[in-house]
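Examining the three-dimensional arrangement
Listed here are the chains, written in short residue letters.
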Amino acid sequence: IIVADRAIYRVAGRWLRFVNAVFFAQLASLVLAPVLRASGYDGAARPIYAFNGFFCHQRASHSLSLMGESVPSGARCTAVYAGLLLAGLAFARLH
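Keep in mind it's a predicted model, so treat the numbers as computed, not measured. (Residues numbered from 1 in each chain as written. Predicted model: local features only at pLDDT ≥ 70, side-chain atom pairs only at ≥ 80, totals over all residues. Heavy atoms only, no water.)

Let's shift gears to a nonpolar patch on the surface. Nonpolar side chains collect at one region of the surface, where Val31, Leu66 and Met67 lie side by side and expose about 260 Å² of accessible area between them. Counting through the fold element by element, Leu66 comes out in strand 1 (residues 63-66). (Patch = residues over 30% accessible without salt bridge, like charges linked within 9 Å, V, L, I, M, F, W, Y side chains within 5 Å. Areas by Shrake-Rupley, 256 points an atom, 1.4 Å probe, with all protein chains shown as cover. Salt bridge = Lys/Arg side-chain N within 4 Å of Asp/Glu carboxyl O. Helix = DSSP H or I, 4+ residues; strand = E, 2+ residues; numbered from the N terminus.)

The structure is reproduced here in structure tokens:
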């Protein structure tokens, strides 16, 4: 039980870093995918677009563009991810 308690406290102390890292990776993938596609690496960008397709409609008319390619999520979803990351960073700074 003591080992389990220590593990729980270790995770509880680092949960915000993990959550912020996840949202940072999500935003980085949103930037990386159109750059890869515009550079001719469509095969590398395809899994990023497919993964984001589970969470967003990916309509080109509602998406931001980067290097002439649409970002793999809509502008609203991208703003939500950015807002969650900024809120997490602000919370980490104040906490």
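Our focus in this paragraph is a positive patch on the surface. The grouping of Arg6, Arg10, Arg14 and Arg17 at the surface amounts to a positive patch. Note on placement: Arg10 falls in helix 1 (residues 2-38). (Lys, Arg positive; Asp, Glu negative; His and termini not counted. Charge placed at Lys NZ, Arg CZ, Asp CG, Glu CD.)

In this structure, Phe23, Leu27, Leu30, Val71, Tyr81 and Leu85 together form the largest nonpolar core, which totals six residues. Those elements that provide at least two residues to this core are helix 1 and helix 3 (75-94). It is helix 1 that contributes the most residues to this core, three residues altogether. Setting aside anything within four residues of it in sequence, one finds Phe23 in contact with Tyr81, Leu84 and Leu85. Counting residues in each nonpolar core, the second largest holds five residues, with Ala33, Leu36, Ala45 and Ile48 among its members. (Core = buried A, V, L, I, M, F, W, Y, C linked by side-chain atoms within 4.5 Å. Buried < 20%, exposed > 50% of the residue type's maximum accessible area, 1.4 Å probe, protein only. Contact = heavy atoms within 4.5 Å.)

Glancing now at the side chain of Thr78. Relative to the helices and strands, Thr78 is located in helix 3. For Thr78, a relative accessible area of 14% gives the class buried. There is a polar contact of 2.9 Å between the side chain of Thr78 and the backbone oxygen of Gly74. (Polar contact = N/O pair within 3.5 Å; in protein donor to acceptor, adjacent residues only side chain to side chain.)

Backbone geometry at Gln58 places phi at a positive 60°, although glycine is not the residue there. By the secondary structure assignment, Gln58 is in the loop between helix 2 (42-53) and strand 1. Although it is not a glycine, Met67 sits at a positive phi angle of roughly 60°. Position of Met67 relative to the elements: it lies in the loop between strand 1 and strand 2 (69-74).

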